[in-house]
Amino acid sequence: MSIMNGKKGLIMGVANERSIAWGVAKTLADNGAELAFSYQNEGFKKRLLPLMNSIKSDKFFECDVSKTTSDFNSIENMFIRLSKIWREIDFVVHALAYSDKEELKGKYINCSRENFLNSLDISAFSFTRIAKSSLPLMSLKGGSLLTLSYLGAERTTPNYNVMGVAKSALEASIKYLAMDLGKNNIRVNVLSAGPVKTLAGAAISGARHVFRYSENVAPLKFNPQLKEVGSAALYLTSELSSGVTGNIHHVDGGLHSVAIPKHEDLV
Ligand code: NAD
């Protein structure tokens, strides 16, 4: 029997087959999970549907997390629509983020107020809204909420700027949410992935240099990709991690453990 047999969950953030959300979805589906998906708008829906078909999933919802409660495609309305199809769910995977590309280069000090608020709203606060709106649907046995972060939340990385600040807020949020939801046996965790070649990853100026540097410096000498991130997400969304909450789980080849790289790695 597969570990996710009988488990149902929502995957948010598939843009294409290179998305981290897709890597997670594929692994969970391969292990028996039944999945529903959300997509940001019509443009993303076209790319999502064939992927969903490939894992025999047919439940999808438009949801732009920047929309307010009263909009049809808001987070709150999506969970109401989902509740008409499924009586309960076991997990939600939040794999989405946004910041103005123009501010993912240069200095953080030049961040505009508008982009600061927008980046924090979409990339961090959306997860808190999801935790609240999914609560009535979460299985009485408990469940798992999982989001994605990056080392730029903990330390500076070139050009990550306001996204690093947003990820720090996201990482702090999961600890408060873990405390709030622990009594419901809902676990809340962050998977901090190393650099992955995706649309969002490419929006950060100089991403390919960071990719190469991380590969050189990480103890495992490679940047974990969808397969490794998917396996770790399987652990964090399943009973395998039944004692784990409020945790930042690094899937970065060990990069986060390195302070000063060896001299030969610097070239
Ligand atoms: P991606 O471009 O494949 O996915 C980003 C998703 O965010 C897209 O599906 C997009 O539709 C969604 N999104 C953006 N704004 C939205 C909104 N307003 N409403 C709803 N959805 C919205 O990129 P990815 O790299 O797979 O990103 C997934 C997550 O992983 C993000 O949180 C990202 O910060 C994180 N992450 C990425 C890397 C990396 O190197 N790629 C590393 C660590 C963490």
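Up top is the structure.
Every value quoted in this text rests on a predicted model; they were computed, and no experiment measured them. (Residues numbered from 1 in each chain as written. Predicted model: local features only at pLDDT ≥ 70, side-chain atom pairs only at ≥ 80, totals over all residues. Heavy atoms only, no water.)

Q: Explain the pairing of strand β1 (residues 8-12) to me, using residue names and the numbers behind them.
A: By the criterion of burial, β1 is predominantly enclosed, with four of the five residues buried. With five bridges connecting them, β1 and strand β2 (residues 34-39) associate as parallel partners. Of the residues in β2, the one forming a bridge with isoleucine 11 is phenylalanine 37. Once the chain exits β1 it traverses helix α1 (residues 20-30) before rejoining the sheet at β2, and the crossover so formed is right-handed. The pairing of β1 with strand β4 (residues 91-94) spans four bridges and is parallel. Each bridged residue has a counterpart across the sheet, and for glycine 9 the counterpart in β4 is phenylalanine 91. (Buried < 20%, exposed > 50% of the residue type's maximum accessible area, 1.4 Å probe, protein only. Helix = DSSP H or I, 4+ residues; strand = E, 2+ residues; numbered from the N terminus. Pairing = 2+ DSSP bridges. Right-handed = clockwise from strand over helix to strand, strands pointing away.)

Q: Can you tell me about the packing of helix α3 (residues 75-83) against helix α4 (residues 113-134), naming the residues and giving the values?
A: α4 packs onto α3 with a crossing angle of 30° between their chain directions and a minimal axis gap of 9 Å. The angle between α3 and α4 falls in the class roughly parallel. Classified by chirality, the crossing of α4 by α3 is right-handed. Along its contact with α3, which presents Ile75, Glu76 and Phe79, the element α4 presents Ser126, Arg129, Ile130, Ser133 and Ser134. Residue classes in the contact of α3 with α4 are distributed as three nonpolar, three polar and two charged. (Axes fitted to C-alpha atoms, helices over the stretch in contact; angles between N-to-C directions. Parallel < 35°, antiparallel > 145°, perpendicular 65-115°, else oblique. Left-handed = near helix turned anticlockwise from the far one by under 90°. Contact = heavy atoms within 4.5 Å. Nonpolar A, V, L, I, M, F, W, Y, C, P; charged D, E, K, R; others polar.)

Q: Lay out the site of the ligand with the relevant residues and their values.
A: Contacts to the ligand come from 28 residues, most closely from Ser19, Gln40, Lys167, Val196 and Thr198. Contact between the ligand and valine 65: a nitrogen atom at 2.9 Å from a main-chain N or O atom of the residue. One nitrogen or oxygen atom from the main chain of valine 196 is found 2.7 Å from an oxygen atom belonging to the ligand. For the ligand, whose free accessible area comes to 820 Å², the fraction covered by protein is 93%. At three residues, the largest contribution of residues to the shell around the ligand is made by helix α6 (residues 199-202). Tallied by class, the residues present in the shell around the ligand amount to 18 nonpolar, eight polar and two charged. (Near = heavy atom within 4 Å. Polar contact = N/O pair within 3.5 Å; in protein donor to acceptor, adjacent residues only side chain to side chain. Areas by Shrake-Rupley, 256 points an atom, 1.4 Å probe, with all protein chains shown as cover.)

Q: How would you explain the sheet that holds β1 if you had to name every residue and give the values?
A: Overall, parallel pairing links the seven strands, which are arranged β3-β2-β1-β4-β5-β6-β7 in an open sheet. Edge positions in the sheet fall to β3 (59-62) and β7 (247-251), since each of these pairs with one other strand and no more. Strand after strand, the sheet turns through a mean of 20° between neighbouring axes, direction not considered. Here α4 sits on the sheet and contacts β1, β4, β5 (143-149) and β6 (186-193); the angle it forms with β4, its principal contact strand, is near 170°. Each of β4, β5, β6 and β7 touches helix α8 (residues 226-237); the most contacted strand, β6, lies at about 165° to it.

Q: Before we move on, could you go through α8 and cite the residues and values that matter?
A: Between the first and last C-alpha of α8 there are 16 Å, a value that for twelve residues agrees with the 16 Å anticipated at 1.5 Å per step. Residues of α8 that are buried sit in contact with α1, β4, β5, β6 and β7. (Expected span 1.5 Å × (residues − 1).)

Q: Kindly report on the packing of aromatic side chains, identifying the contributing residues and their values.
A: Applying the stated criterion to the full structure yields three aromatic pairs. For the pair tryptophan 22 and phenylalanine 37, a centre-to-centre distance of 6.3 Å together with 35° between the ring planes defines the contact as tilted. Of this pair, tryptophan 22 sits in helix α1 while phenylalanine 37 is found in strand β2, placing the two residues 15 residues apart along the sequence. Summarising the aromatic geometry, the rings of tyrosine 150 and tyrosine 160 are spaced 4.9 Å apart at their centres and angled 70° between planes, so their arrangement reads as edge-to-face. Here the residue tyrosine 150 occupies a position in the loop between β5 and α5 (161-181), and tyrosine 160 occupies one in the loop between β5 and α5, the gap between them amounting to ten residues. On the basis of relative accessibility, which here comes to 12%, the residue tyrosine 150 falls in the buried class. (Phe/Tyr/Trp six-rings, centres within 6.5 Å; stacked < 30°, edge-to-face > 60°.)

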